[in-house]
Structures are given as C-alpha cells and as structure tokens.
Amino acid sequence: MLADVMKEMPPLINENDLHISQLTLSLLTTISRGHKHSISNIHSDILPQILVLVQSPLLQGGALNAVLEFFRALIALNLPKLGFRDLLQMLIMPVYDTRPSSGSIHRQAYHSIARCVAALTEMSPLEASSIVSQFVSDIKNPKSTEHIVLFSLLALGEIGKNIDLSPHGDIQNVILECFSSPNEEVKSAASYALGNVSVGNLPKFLPFVLQEIENQPKRQYLLLHSLKEIINCESSSTSGLEILKSYVKTIWTMLFHNCECPEEGTRNVVSECMGKLTLVDPQNLIGSLRQHLNDSSPLARSTVVTAIKFTISDQPQPIDPLLKMCIGDFLSTLQDEDLTVATRSLGHIQLGCSQQTVAHQRLVGDCFTTLV
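Scope of this entry: the structure provided in the associated data block. (Residues numbered from 1 in each chain as written. Predicted model: local features only at pLDDT ≥ 70, side-chain atom pairs only at ≥ 80, totals over all residues. Heavy atoms only, no water.)

## Examining the overall build of the protein chain
Moving on, step 1. When helices and strands are tallied, the protein chain shows 21 helices and zero strands.
Moving on, step 2. Counting the 372 residues in the protein chain, one finds 51% classified as buried.
Moving on, step 3. Nonlocal contacts in the protein chain, meaning residues at least 24 apart in sequence, comprise 71% of its contacts between residues at least 6 apart.
Moving on, step 4. When the accessible surface of the protein chain is summed, it comes to about 17,700 Å², and 52% of that surface belongs to carbon and sulfur atoms. (Helix = DSSP H or I, 4+ residues; strand = E, 2+ residues; numbered from the N terminus. Buried < 20%, exposed > 50% of the residue type's maximum accessible area, 1.4 Å probe, protein only. Contact = heavy atoms within 4.5 Å. Areas by Shrake-Rupley, 256 points an atom, 1.4 Å probe, with all protein chains shown as cover.)

## So, helix 2 (residues 18-34)
Moving on, step 1. Taking 1.5 Å as the rise per residue, helix 2 with 17 residues should run 24 Å; its terminal C-alpha atoms sit 24 Å apart, in good agreement.
Moving on, step 2. Taken residue by residue, helix 2 has Ser 21, Thr 24, Leu 25, Leu 28, Thr 29, Ile 31 and Ser 32 as its buried positions. Along the axis of helix 2, the buried positions cluster into a sector of 165°, meaning they face one direction only. Facing away from the buried side of helix 2, by more than 90 degrees, are the exposed residues His 19, Thr 30, Arg 33 and Gly 34.
Moving on, step 3. The inward-facing, buried residues of helix 2 contact helix 1 (2-8), helix 3 (42-45), helix 4 (47-54) and helix 5 (61-77).
Moving on, step 4. Its side-chain oxygen at 3.2 Å from the backbone nitrogen of His 19, Asp 17 defines the N-terminal cap of helix 2. (Expected span 1.5 Å × (residues − 1). Arc of directions from axis to C-beta. Polar contact = N/O pair within 3.5 Å; in protein donor to acceptor, adjacent residues only side chain to side chain.)

## Considerations on a nonpolar patch on the surface
Moving on, step 1. A cluster of nonpolar side chains, Leu 12, Ile 20 and Leu 23, forms an exposed patch at the surface whose accessible area comes to about 230 Å².
Moving on, step 2. Of note, Ile 20 is situated in helix 2. (Patch = residues over 30% accessible without salt bridge, like charges linked within 9 Å, V, L, I, M, F, W, Y side chains within 5 Å. Salt bridge = Lys/Arg side-chain N within 4 Å of Asp/Glu carboxyl O.)

## Some thoughts on unusual backbone geometry
Moving on, step 1. Not every positive phi belongs to a glycine, and Asn 78 is a case in point at roughly 55°.
Moving on, step 2. The class for Asn 78 is exposed, based on a relative accessible area of 62%.
Moving on, step 3. Phi angles above zero are rare outside glycine, and Lys 81 is one such case at about 65°.
Moving on, step 4. Looking at where Lys 81 falls in the secondary structure, it is placed in the loop between helix 5 and helix 6 (84-96).
Moving on, step 5. What makes Lys 81 exposed here is its relative accessible area of 65%.

## Observations concerning helix 9 (residues 146-160)
Moving on, step 1. Between its terminal C-alpha atoms helix 9 stretches 21 Å, which fits the 21 Å expected from 15 residues at 1.5 Å a residue.
Moving on, step 2. The buried fraction of helix 9 is high, at 13 of 15 residues.

## Notes on the packing of aromatic side chains
Moving on, step 1. Scanning the entire structure with this criterion turns up five aromatic pairs.
Moving on, step 2. Note on Trp 252 and Phe 256: the rings are 5.3 Å apart at their centroids and 70° apart in plane angle, and the pair reads as edge-to-face. Of the two residues, Trp 252 and Phe 256 are both situated in helix 15 (residues 248-257); the distance of four residues between them amounts to about one turn of the helix.
Moving on, step 3. Residue classification places Phe 256 among the buried positions, given a relative accessible area of 14%.
Moving on, step 4. Grouped by ring-pair contacts, the aromatic residues Tyr 96, Tyr 110, Phe 135 and Phe 151 constitute a single cluster.
Moving on, step 5. Across the ring face of Phe 205, the terminal group of Lys 204 is positioned such that the distance to the ring centre comes to 5.9 Å. (Phe/Tyr/Trp six-rings, centres within 6.5 Å; stacked < 30°, edge-to-face > 60°. Lys NZ or Arg CZ within 6 Å of the ring centre and 35° of its normal.)

## Focus on the environment of Val 269
Moving on, step 1. Mapped onto the elements, Val 269 comes out in helix 16 (residues 264-280).
Moving on, step 2. Once the C-alpha coordinates of Val 269 and Thr 303 are considered, the two residues, 34 residues apart in sequence, prove to be 9.3 Å apart.
Moving on, step 3. Here Val 269 is in contact with Tyr 221, Leu 224 and His 225, once residues within four sequence places are set aside.

## Thoughts on the packing of helix 6 against helix 9
Moving on, step 1. One way to put it is that helix 6 packs onto helix 9 with a least axis distance of 9 Å and a crossing angle of 145°. Contacts between helix 6 and helix 9 involve Ile 92, Val 95 and Tyr 96 from the former and His 147, Ile 148, Phe 151 and Ser 152 from the latter.
Moving on, step 2. Across the contact of helix 6 with helix 9, the residue classes break down as five nonpolar, two polar and no charged. (Axes fitted to C-alpha atoms, helices over the stretch in contact; angles between N-to-C directions. Nonpolar A, V, L, I, M, F, W, Y, C, P; charged D, E, K, R; others polar.)

## Side note on the nonpolar core
Buried together is how nonpolar side chains tend to be arranged in soluble globular proteins.
Moving on, step 1. Membership of the largest hydrophobic core comes to 113 residues, with the highest contact counts inside it found for Phe 71 and Leu 227.
Moving on, step 2. For this core, the leading source of residues is helix 5, giving 10 residues.
Moving on, step 3. Apart from the residues within four sequence positions on either side, Leu 227 is in contact with Leu 206, Leu 210, Ile 213, Ile 251, Met 254, Leu 255 and Cys 273. (Core = buried A, V, L, I, M, F, W, Y, C linked by side-chain atoms within 4.5 Å.)

## Some words on the environment of Cys 273
Moving on, step 1. Considering the arrangement of structural elements, one finds Cys 273 in helix 16.
Moving on, step 2. Residue classification places Cys 273 among the buried positions, given a relative accessible area of 0%.
Moving on, step 3. Here the alpha-carbon distance between Cys 273 and Ile 251, two residues 22 residues apart in the chain, equals 9.1 Å.
Moving on, step 4. If we skip the residues at most four places from it in the chain, Cys 273 touches Leu 224, Leu 227, Lys 228, Ile 231 and Leu 255.

## A look at the pattern of salt bridges
A side chain of one charge can pair with a side chain of the opposite charge if their charged atoms are brought near each other.
Moving on, step 1. The final tally for this structure, using the stated rule, is nine salt bridges.
Moving on, step 2. Glu 242 serves as the salt-bridge partner of Lys 245, at 3.8 Å between the closest nitrogen and oxygen. Taken together, the residues Lys 245 and Glu 242, both in helix 14 (residues 238-245) and three residues apart, mark about one turn of the helix.

## As for the side chain of Ser 152
Moving on, step 1. In this fold, Ser 152 is placed in helix 9.
Moving on, step 2. Ser 152 gets classed as buried once you look at its relative accessible area, which sits at 0%.
Moving on, step 3. If we ignore the near neighbours within four places in the chain, the residues touching Ser 152 are Tyr 96, Phe 135, Asp 138 and Ile 139.

## A closer look at the environment of Glu 69
Moving on, step 1. When you line up the elements, Glu 69 lands in helix 5.
Moving on, step 2. By relative accessible area, Glu 69 is classed as partly exposed at 34%.
Moving on, step 3. With 40 residues separating them along the chain, Glu 69 and Thr 29 place their C-alpha atoms 7.0 Å apart.
Moving on, step 4. Contact partners of Glu 69, with chain neighbours within four places excluded, come to Thr 29 and Arg 33.

Shown next as structure tokens:
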C-alpha cells in the first residue's frame, strides 16, 4: 500500500499548491519515521522534486517547516548516499555552481536553503564545526562571489540560532566586516547573521553588539537590526524570554541613548526594538515609554510614540489591558506642537482600525472615547 502511495507523491510536491505540498511532506516524514524501507526510491523520484521546491521564492510558512521536518527525519535514517554531506551538497550546489550554463536562483531561495542546511547541521552536531568553518572561509575568501558570501552569512545565522558558534574564533568580527560591503543584500544578511549568531550565546555576543552600537555610529542602523533579530528570536520561546529578561535594563538604556538619532531610519529601528522589548516586560517598560512622552526633544517623543505601534498585533497580548489604560496618553500627542510627532500618533489610530480581532477593535474604540 505504501509503495502505491509513494508513487503518487512526486507530482504533489511543487510550488503551485503549497498546502498540498505541505501535507505531502508531512505524510512523507511520517512514513520515513515509521517505515524506513518504504522510502528506498526517494533518491530518484521524490527528492529531486523537494530540491526544486526549496529553490522556489514562494516557499514559506507551514510548507517550509514541513520541508525542514522532512530533512531532519531523512538524515536521522542514515540511508546510503543520503548522509549529511550528500544532502548538503545537493542543497548548496545551485548556490556554488559557477558554470555559465547553470541558471541563477531567486535570492529568497537562499533563505530557504540556509534553513535546510541549519536543520541538517542541527541533526549532525559532529559536522557542525567543519561546515561552519567552511562558511567562514567562504566569507573571508576574496575570490568568493557576492552570492556565495550572502548565502554563507545566512547559513551561519540559521545555524547560530541553535548552536553556540563562539568557539569559532572571532566569528562576530568576520560577520561585522561584511557591514562594509558595497552590496546592500550582503550587508543586510550580515546584520541578520550577527543577530542570530548572538542568540546561540547571548552572554558572549550581546555585550559585543551593544558596544558596537554605541561605538560605531556609521554601522548603527545595521547593528540595531541585529539587535532586533535577537529580541525577536529570544521572545519567541519561553526559555528565550527568561534569558532575555536579564538583559532588558541594559538594552533599554542603550535604546534611549539613541532615540534622538538624526537619521529617521535608525530611529525607526530603535522604535521597533523598544516596542518589541516592551512586550517582554510590559508591566515596567510601558510606564517608561509613557514618561518619555513629555521629553523636551521632539525626536525622542516621536521615537516613543512610534514604539507603541510595535506593541500592537492582530493577536491578543498580555500588554492589551495595560494599553487600554494608557493609550489615551499616547494618542494625546495628536496635539503635539511638532508635526512629526502628531503624524506618528495619527498613524497608530489607522493601524488600530486595521486590526481584525474584536479585542483590538474595542481597544481602538476606547482610544476614540478617550480622545473625545
């Protein structure tokens, strides 16, 4: 019966219907875990389809997670010609293939391939050191093409989320050097990599990131994006939240040191970091935001008002009751003498009106009542 099922799977794995692809991959993962011998033909029939799907710029969400689970299950089987090195080579070949006849892959596919490589590495810890060294070497090699450097940075970031990369010398400085690249995509990938590598060993890397933010004003924008990645990653799990809470005060102080930056883009990232961090400890931090509404600097007031936008989501949050109590103070900045501050406040009302949940619609209603 399973042999017949396996024959039907290849055409179901494609980007035209990601939901069907996700269900097919989930079934395939279940079969591989329970009936190892039933997937003996996977190398010739099914795996090529999965590798094509991984290169699709449309792959994301549940379908991508299903691909990652499949690779984790597959490498655990230790099948002939489907070991870590075999699968790794299949995944990265489109990135490293420099032949004129080879077609280029979409930049978004680099992210998917990097996550697949990280999933394989997570399941093969003995291989982690050598593969990380390879990516570091590719980044430092002046002969590496920009897309190889880009991919290597993304791969290091994905691997570093779950594996401590601090034993690899000055890996943070290797990544930091890429902040000077003339290629904007490489710089963005370096920012992403530094943030995610920091998650793997926060006590070592977070102080480095915070110090660089203070000491490197020309790189501040990218470094703040690294900090944003740290906050996003750590706040997505209970264990990460507990680790992050011990650094909240230090991060919060640094953010307020930079809330008057003359560059609007940098202030926007500061605001986002403030908002995301407020969700970690709303009881204490929302009061701090509220107090700075009376700051003498319009840039600081604008940053604080913008930060509140990032505490609002389309899902109920523990911060919602606190927002209901103090949202009127933030929206009173509609009357601020500085036009930028008033405009930012108006933008939050528009954001609130677009929320889909009843809870947030009621919150917006309370805002209007307060204003009236």
